[in-house]
Amino acid sequence: MKNRLFSLLILLLILCLVSCSNIKDKNLSDLNYIVKAKEDDIYLSFFDGTGKELKDIKFSAHKKGIFLPDVTEGPPALIVQDGKDSLKIYLSVFNEDRYETYTYDHSKQKVEKMNNIIDSNWNLYLGEKYIYNTVSKGQNTFLQKTTYKNHKVDEIDLPYNNPEKIVSNDKQDTQYVMFNEENKSILVKFKDGKKVKELDFGKQYIGDVEIYNKNIYVAKTKERKDKEDSTPLKEIEIFNADLNKVSTIETKGSPNMIKVKQGIVYVISDGDETLLEEYDTNSLKSMNTIKLGSGSSSIWDILVRDKNKVIVVKNNSLLYVDRGRKKSIDIDGDTKSITLSQPNG
C-alpha cells in the first residue's frame, strides 16, 4: 500500500513538472505574463488563459540592487512582445532613476540582461517605433526619444517639471505629455520635436491619458480645492489630434486609469467601490460595469486579450474578467508589472 501511494505521488510530481515547465510548445502570444517580486528575487511568470500559473523564471534579485517602487513612482516593469518568440522587459532600478533591459527567448525559456540602460525619473512609454522617457537635468526636465535598439533620436526640453504620462502617435511624430503640477494639470502636444499646443485643465486633476485612432482620451479624476481637499470628477474627455474637444463620457465612478483597445474604453474608477467600466468608442454608451471591490491603488494595469477577456493586474492577484464574470487568481509573490501584449501606438 505504501509503495503504491509513493508511486502515485511520484507520478503526480512528474505530471506537475511536465505541465509547469513545458511552455515552449505554446505560442507566446497565447500566454499571459507578468513580472513579480517574491522574497529576494524577481521573476517572469507565465499563465494560461484560465489563470493557471505555468512557469516562473528568475532573472534578477533585490540584493543585487533591483528594488521595485510603488506605482506612484512610475511603472516598475514594462513587458512588450518583441517578435514572435521573444519579450523585452524594462525593469526599474529603485532610487537610481534608470531602467535595465532584459530579453526573454521563448525557445530557450531564458531571460538575459542586455547592455542598454534607460535613464528615467518617472516615465517610460513604449511606442510603436520608439521608446519615450522623461529625465531631469539640473533645473530642467526633458522628453527623450530612443529606438528599440537604444539609439537616441531626440531630446525635447519640457515646459513643466512634473510629467506623469506620455502617449505618442509615432507615424505622425506626435507626442502628448500630461503634467500634474502643484495647482494645475496641463496636456501638451509636441510635433517634430516642438511644442505646438497645450490644454490647461486648471485645478482638475488628470488621472490618465490614452491615445486611440488619433483621438486623445483624458480621465478627469478630481477637482482640487484648498490644501488636500478635493471633489471627485466622473468624466473622460475626448480630443482629436489637434486637441480640440470632440465628446465626453460620463463615468459611474471617478476614473483614475483608462485603456482603449479594440473599440472599447476600459476604465478603472473609484466611488463607493472600485469598478471596471466599459464603453463603446463609437456610441460612447456603457457596455458593462464590473465591481472589483475596494483598493484601486493596488491595480497596476488592464491587459486586454480580446473584447470579452480582460485581466486586471493587481498587487498579489490577477482578476480574470470573461464576459462580465470575474475570477480572482492569487499570485505567489507581488505583481510589479505593467503588462503589454504589444507596443502602444
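Keep in mind it's a predicted model, so treat the numbers as computed, not measured.

**Here's the deal with unusual backbone geometry**
In most cases, non-glycine residues show a negative phi, while peptide bonds are predominantly trans. Within the chain, aspartate 173 stands out as a residue other than glycine whose phi angle is a positive 50°. Along the polypeptide, aspartate 173 turns up in the loop between β12 (163–169) and β13 (174–180).

**Points about the sheet that holds β12**
Reading across from one edge, β12-β13-β14-β15 is the order of the 4 strands in this open sheet, with antiparallel pairing throughout. Two strands in the sheet have a free side with no partner beyond their single neighbour: β12 and β15 (194–200). Along the sheet, successive strands turn relative to each other by an average axial angle of 20°, direction set aside. As defined by bridge partners, β12 adjoins β13 across 6 bridges and the pair is classed as antiparallel. Among the inter-strand pairings, proline 163 is bridged to a residue of β13, identified as phenylalanine 179.

**Focus on the packing of aromatic side chains**
All told, the structure shown has 6 aromatic pairs when counted by the stated rule. Taking the centre distance of 5.1 Å and the plane angle of 45° together, the rings of phenylalanine 46 and tyrosine 104 count as tilted. Taken as a pair, phenylalanine 46 in strand β2 (residues 41–47) and tyrosine 104 in strand β6 (residues 98–105) lie far apart in primary sequence, 58 residues in all. Here the two residues phenylalanine 46 and tyrosine 104 agree in accessibility, since each one is buried. Three or more aromatic residues link up through ring pairs in this structure, and these residues are Tyr33, Phe46 and Tyr104. Geometry around tyrosine 130 places lysine 145 over its ring, the cationic atom sitting 4.4 Å from the centre.

**Re the sheet that holds strand β9 (residues 130–137)**
Pairing is antiparallel across the open sheet formed by 4 strands, whose spatial order is β8-β9-β10-β11. Each edge of the open sheet is held by one strand with a lone partner, namely β8 (124–126) and β11 (152–157). The mean inter-strand angle of the sheet, taken between neighbouring strand axes irrespective of direction, is 20°. Bridge analysis of β9 against strand β10 (residues 140–147) gives 8 bridges, and the strand direction is antiparallel. Of the residues in β10, the one forming a bridge with valine 135 is phenylalanine 142.

**Examining the pairing of β12**
Within β12, 5 of the 7 residues are buried, leaving the element largely enclosed by the surrounding structure. Between the end of β12 and the start of β13, which pair antiparallel, lie 4 residues, with aspartate 173 showing a positive phi angle near 50°.

**Re the confidence of the model for the protein**
The pLDDT averaged across the protein works out to 83; a share of 84% of its residues lies at or above 70. Here residues 63–73 scores under 50 on pLDDT; set against residues more than four positions off or in separate chains, the count is 33 contacts. Note on residues 341–345: pLDDT under 50 across the span, and 22 contacts to partners over four residues away in sequence or across chains.

**Quick look at the nonpolar core**
By size, the foremost hydrophobic cluster in this structure holds 25 residues, and its most contacted members are Leu187, Val209, Ile216 and Val218. Within the residue set of this core, elements represented by two or more residues are β12, β13, β14 (185–191), β16 (204–212) and β17 (215–224). In this structure, valine 209 is in contact with Lys165, Val167, Met178, Leu187, Ile216, Tyr217, Val218 and Ile258, ignoring residues within four places of it in sequence. One finds Phe46, Leu54, Leu91 and Tyr102 within the second-largest nonpolar core, a separate group that totals 19 residues.

**What about the pattern of salt bridges?**
Side-chain pairs of opposite charge can arise whenever the charged atoms involved come near each other. On inspection of all chains with the given rule, the structure shows 17 salt bridges. Taking the shortest distance from any N to any O, the salt bridge between glutamate 210 and lysine 165 comes out at 3.7 Å. Residue glutamate 210 is located in strand β16, and its partner lysine 165 is located in strand β12; the two are separated by 45 residues in the primary sequence. With a relative accessible area of 8%, glutamate 210 lands in the buried category. Across the pair lysine 259 and aspartate 301 runs a salt bridge, and its minimum N-O distance is 3.1 Å. Residue lysine 259 is located in strand β20 (residues 254–261), and its partner aspartate 301 is located in strand β24 (residues 299–306); the two are separated by 42 residues in the primary sequence. One connected set of salt bridges, linked through shared partners, spans Lys220, Glu235, Glu237 and Lys245.

Parameters and conventions
Residues numbered from 1 in each chain as written. Predicted model: local features only at pLDDT ≥ 70, side-chain atom pairs only at ≥ 80, totals over all residues. Heavy atoms only, no water. Helix = DSSP H or I, 4+ residues; strand = E, 2+ residues; numbered from the N terminus. Pairing = 2+ DSSP bridges. Axes fitted to C-alpha atoms, helices over the stretch in contact; angles between N-to-C directions. Phe/Tyr/Trp six-rings, centres within 6.5 Å; stacked < 30°, edge-to-face > 60°. Buried < 20%, exposed > 50% of the residue type's maximum accessible area, 1.4 Å probe, protein only. Lys NZ or Arg CZ within 6 Å of the ring centre and 35° of its normal. pLDDT = per-residue confidence, 0-100. Contact = heavy atoms within 4.5 Å. Core = buried A, V, L, I, M, F, W, Y, C linked by side-chain atoms within 4.5 Å. Salt bridge = Lys/Arg side-chain N within 4 Å of Asp/Glu carboxyl O.

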